[in-house]
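Residue strings, one per chain:
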Amino acid sequence: MALRLANDSDCIFFQFWLDDRAYDGVNCQGEIFVQLQVFSSQRKDQAYELGSELSDQEYSVVIVKTKDNYIVGTAVQGQDWRQQTSIQKLLQNS
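Residues numbered from 1 in each chain as written. Predicted model: local features only at pLDDT ≥ 70, side-chain atom pairs only at ≥ 80, totals over all residues. Heavy atoms only, no water.

Trainee: Would you take a moment to explain the sheet that holds strand β2 (residues 11-18) for this structure?
Mentor: Sheet strands line up and pair through hydrogen bonds in the backbone, either parallel or antiparallel. Reading across the sheet, the 6 strands line up as β1-β5-β6-β4-β3-β2 and stay open at both edges, with mixed pairing between neighbours. Unpaired on one side and paired on the other, β1 (3-7) and β2 mark the two borders of the sheet. Averaged over all adjacent pairs, the angle separating strand axes in this sheet is 35 degrees, with direction ignored. Bridging between strand β5 (residues 61-65) and strand β6 (residues 69-75) involves 5 bridges; their strand directions are antiparallel. Opposite Val64, over in β6, you have Ile71 as the bridge partner. Relative to the sheet, helix α1 (residues 44-56) contacts β1, β4 (31-40), β5 and β6, its axis offset from that of β6 by approximately 10 degrees. (Pairing = 2+ DSSP bridges. Helix = DSSP H or I, 4+ residues; strand = E, 2+ residues; numbered from the N terminus. Axes fitted to C-alpha atoms, helices over the stretch in contact; angles between N-to-C directions. Contact = heavy atoms within 4.5 Å.)

Everything listed here is a matter of coordinates, which is why it stays silent on function.
Okay, here's the thing in structure tokens:
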């Protein structure tokens, strides 16, 4: 699937509730993403590695560059990202 790159100035950050839990979200280019992992600017390669692996597994992914961090998120629509064991394994290894 698509791996998008964006600057924080092009995105809207927010929090949302789902099943009694708060999540961090990003509205980027008209699509809603849930933040999966935040990497410091020194860990740029790891952010791109995670984003690429998720994209290879058919997830729609965004990597947002902020002043100090890289945020990796996956699209909320059409995917039950909370139940995906492949995502959980990737997050544990990053």
